[in-house]
Amino acid sequence: MESDEAAAASPQASGGTVTPTPKKRGRKPKSKEEESESGGKMKESSVGKMTKTKQSVDDKYSQWKGLVPILYDWLANHNLVWPSLSCRWGPQLDQATYKNRQRLYLSEQTDGSVPNTLVIANCEVVKPRVAAAEHISQFNEEARSPFVKKYKTIIHPGEVNRIRELPQNSKIIATHTDSPDVLIWDVDTQPNRHAVLGAASSRPDLILTGHQDNAEYALAMCPTEPFVLSGGKDKLVVLWSIQDHITTAGTDSKSSGSIIKQIGESGDKTESPSVGPRGVYQGHDDTVEDVAFSPTSAQEFCSVGDDSCLILWDARTGTSPVTKVEKAHDADLHCVDWNPHDDNLILTGSADNTVRLYDRRNLTSNGVGTPIYKFEGHKAAVLCVQWSPDKASVFGSSAEDGLLNIWDYDRVSKKSDRAAKNPAGLFFQHAGHRDKVVDFHWNAADPWTIVSVSDDCETTGGGGTLQIWRMSDLIYRPEEEVLTELETFKSHVMTCASKP
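Because the structure is a prediction, the values reported are computed rather than measured.

Enquirer: Help me understand the UniProt feature "repeat: WD" (unreviewed entry) in the chain in this model?
Expert: As recorded in UniProt, the feature "repeat: WD" (unreviewed entry) lies at residues 281–323, 326–359 and 375–408. Helix makes up 0% of residues 326–359 and strand makes up 53%, while its end C-alpha atoms are separated by 15 Å. Between the end C-alpha atoms of residues 375–408 there is a gap of 10 Å, over a span that is 0% helix and 56% strand.

Written out as structure tokens, the structure is:
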């Protein structure tokens, strides 16, 4: 039965108000002993620094909020008691006249006073040109959004660092945690749990084994086959097929019953079945931070890591790199995405604050690779990049500077854009988050709609913010089309004004 709870309980109800220290990507978190030892030394300097940072962040945020009615077609703000390190759209559930209902996958990274959870929420997505300007700007940052309702809670064994949905059936998801295993969940058949201290973890439907050390961030699901790809601290890239564990009915997103095949005649199992790797790929010299499949082939994929390398792989040619770009960036690489519209284009994001665009036809096997373009618009490490499903040249990037930038590669060469003060290609900047934007996801079922999450530990002292938003179509539509519409609107206003 669907619950009307919002996607986070109150801190009082959850039994604690302390929020976890944000974790550095690719680095092991400090132990409690180390934290208490260093805490006293840093306390005085940190207080002054945080006060200045908070004032700067609040000023910028106030400016942004005043522009919301102009910049956005729709925006929903949802306060999270616990930070969510990942956010993903699930299947669309139904459509109505003014809004659609869709699944949303989130997580709760707690301080240990209650278990870490995987949250399945139902979200109402307002359709374009429906929301009134005064409504989208009048939200309370400390409140939950009426558009986001918790549907189910899964008690996750360990923190949820990454969530990915299976493109063939988005009711099947994979999660990365602070262990070597990848966990596979059928969210429809998993029981709804109450997250209280001491509660046993939910049991995953499948466990993918093969890593020799923790695999925390690098995770991808194949768009063409039910394959899963992962990278970890063991410097390995590991590939699995879950084809044999998905029933035929499971390929239909509207089918009922368990998608994952049960072990044993009764269907009961005391422990989750495990699946070994289809392939293990060696080529990185440090932690693998992100992976991505080719949009056209389940056998081709790429990976990036803390060794500053971008590596292209082909499972048909063995377990060694096909192409290895030794210095794709000037620092650790955090993220990578393969263009779903053009399988030659690959995006990378890095701790050097830049996003780079590579054409794989320009890369050579001896490690030489010059990016087509370097996008410079962030002031801190880039954490996530993703191509838009709606236009081949558009992509987003989020970073530790609290910004989510939307770029259009086609605009890089335009003279009018070059003359502007903005970085080339940058045409929209979402500044609604007040701390690092750890993840975002374009909505394939609802054009130009994005969900984004920030971990607010450093600026507001805890929790996180989830925002669902869509920029005004006047921003991304062709200029001639927009001008024609505005001229028509102007004529309409003049006609109305001239009437007695």
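After that view, the rundown keeps rolling.
Enquirer: Please clarify how the pattern of salt bridges should be interpreted in this entry.
Expert: Any two side chains of opposite charge can pair, on the condition that their charged atoms come close. With the rule as written, the count across this model stands at 25 salt bridges. Of the charged contacts in the structure, one is a salt bridge between E485 and R129, with a shortest N-O distance of 2.9 Å. Taken as a pair, E485 in helix α7 (residues 479–498) and R129 in the loop between β4 (117–126) and α3 (133–137) lie far apart in primary sequence, 356 residues in all. We classify E485 as partly exposed; its relative accessible area is 27%. Here E485 ties to R477 by a salt bridge, and the two come within 2.7 Å at their closest N and O atoms. Classification of R477 by relative accessible area gives buried; the value is 17%. Residues participating in the shared-partner salt-bridge network are R129, D473, R477, E481 and E485.

Enquirer: In this structure, what is going on with the nonpolar core? I would like to understand it.
Expert: The nonpolar side chains of a soluble globular protein tend to be buried with one another. Formed by 39 residues in total, the largest nonpolar core has its most connected members in Y72, L104, I406, L466, I468 and W469. Once residues lying within four places of it in the same chain are set aside, the contact partners of I406 are V394, F395, G396, G425, L426, F427, F428, W442, I450, W469 and M471.

Enquirer: For this particular structure, what's the right way to read the packing of aromatic side chains?
Expert: Here a ring pair, both rings aromatic, is described through the centre-centre distance and the interplanar angle of the planes. By the definition in use, this model includes 17 aromatic pairs. With 6.0 Å between their ring centres and 75° between their planes, W442 and W448 make a pair best called edge-to-face. Of the residues examined, W442 reaches a relative accessible area of 2% and is grouped as buried. These aromatic residues form a ring-pair network of at least three members: Y61, W64, Y72, F139, F428 and W469. In this arrangement the basic side chain of K65 is found over the ring face of F139, its NZ or CZ atom lying 4.4 Å from the centre. When the ring centre of Y61 is taken as reference, the NZ or CZ atom of R434 above it lies at 4.6 Å.

Enquirer: Just checking my understanding: could you explain a nonpolar patch on the surface for this structure?
Expert: Among the surface-exposed residues, L474, L483 and L486 lie close enough to one another that they form a single nonpolar patch of about 250 Å² accessible area. Within the fold, L474 resides in helix α6 (residues 473–476). For L474, a relative accessible area of 35% translates into the label partly exposed.

Enquirer: What exactly am I supposed to notice about the side chain of H78 here?
Expert: Inspection of the secondary structure assignment puts H78 in strand β1 (residues 72–80). A distance of 2.8 Å separates the side chain of H78 from the backbone nitrogen of S145, its partner in a polar contact.

Reading the values: the criteria
- Within each chain, residues carry numbers counting from 1 in the order of the written sequence.
- Per-residue local features are limited, in this predicted model, to residues with pLDDT of at least 70; the limit for side-chain atom pairs, both in listing and counting, is 80 or more; totals at the level of whole chains, interfaces and linings are taken over all residues.
- To obtain the side-chain values, all non-hydrogen atoms of the structure were used and water was disregarded.
- UniProt positions are given in the numbering used here, feature names are shortened, and annotations may be inferred rather than shown by experiment.
- Each helix is a run of H or I in the DSSP string that is no shorter than four residues. Each strand is a run of E no shorter than two, and both are numbered from the N terminus.
- The working definition used for a salt bridge is a side-chain nitrogen of Lys or Arg within 4 Å of a carboxyl oxygen of Asp or Glu.
- Buried residues are those whose accessible area, probed at 1.4 Å on protein chains only, stays under 20% of the maximum for their type, while exposed residues exceed 50% and partly exposed ones sit between those limits.
- By nonpolar core we mean a set of buried residues, namely Ala, Val, Leu, Ile, Met, Phe, Trp, Tyr and Cys, connected to one another through side-chain atoms within 4.5 Å.
- The contact criterion used is simple: two residues touch if any of their non-hydrogen atoms lie within 4.5 Å.
- Only rings of Phe, Tyr and Trp enter the pairing, Trp through its six-membered ring, and a pair is recorded when the two centres are within 6.5 Å. The plane angle decides the type: under 30 degrees is stacked, over 60 is edge-to-face, the rest tilted.
- Should the NZ of a Lys or the CZ of an Arg lie within 6 Å of a ring centre and within 35 degrees of the ring normal, that charge is described as sitting over the ring.
- Patch construction takes residues with relative accessible area above 30% that form no salt bridge. Like charges are linked within 9 Å, and nonpolar side chains (Val, Leu, Ile, Met, Phe, Trp, Tyr) are linked within 5 Å.
- Residue exposure ignores everything except the shown protein chains as possible cover, and the areas themselves are Shrake-Rupley values with a 1.4 Å probe.
- Within 3.5 Å is the distance limit for a polar contact, defined as a pair of N or O atoms, with the added protein rule that one can donate a hydrogen and the other accept it, and that residues adjacent in sequence qualify only through two side-chain atoms.

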